[in-house]
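# Secondary and tertiary structure notes
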Amino acid sequence: TIKKAREAGDGTINPAVRKDINKVVDFIDIEDITEKVSLCRCWRSKNWPYCDGAHGAHNKATGDNIGPIVVRHKEK
Ligand code: FES
């Protein structure tokens, strides 16, 4: 189960974001994105759900290659 995996310390990817709830879901209204927004995919940002560059330290420490998803308006 997820609970057992959490207790064993394996199978989870979220180390610290809102661990008091069962599912982390965020909504960003597309109209509020003026130019572009970088969204965290490494679960280590202190500014969740936005990327704050924390993926860099994670990649360096683990050899991983994680980066954000950038949502932007199509260039015209
Ligand atoms: Fe998580 Fe950049 S801080 S992807």
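Let us look at the structure shown here. Note that the structure is a prediction, hence the values are computed from the model and not measured.

## Section: the packing of aromatic side chains
Enumeration over the complete set of coordinates arrives at one aromatic pair. Measuring from ring centre to ring centre gives 4.2 Å for Trp43 and Trp48, while their planes differ by 25°; the resulting arrangement is stacked. An identical accessibility class is assigned to Trp43 and Trp48; each is buried.

## Focus: the pattern of salt bridges
Following the criterion strictly, the structure yields one salt bridge and no others. Its salt-bridge partner being Asp26, residue Arg18 comes within 2.9 Å of it at the nearest N-O pair. Asp26 sits in the partly exposed class, given a relative accessible area of 29%.

## Considering the pairing of strand E1 (residues 36-39)
Only one face of E1 is buried, namely the one carrying Val37 and Leu39, since none of Lys36 and Ser38 on the opposite face is buried. The pairing of E1 with strand E2 (residues 69-72) spans four bridges and is antiparallel. Across the sheet, residue Leu39 finds its bridge partner in E2, namely Ile69.

So, how was this worked out
Residues numbered from 1 in each chain as written. Predicted model: local features only at pLDDT ≥ 70, side-chain atom pairs only at ≥ 80, totals over all residues. Heavy atoms only, no water. Phe/Tyr/Trp six-rings, centres within 6.5 Å; stacked < 30°, edge-to-face > 60°. Buried < 20%, exposed > 50% of the residue type's maximum accessible area, 1.4 Å probe, protein only. Salt bridge = Lys/Arg side-chain N within 4 Å of Asp/Glu carboxyl O. Helix = DSSP H or I, 4+ residues; strand = E, 2+ residues; numbered from the N terminus. Pairing = 2+ DSSP bridges.

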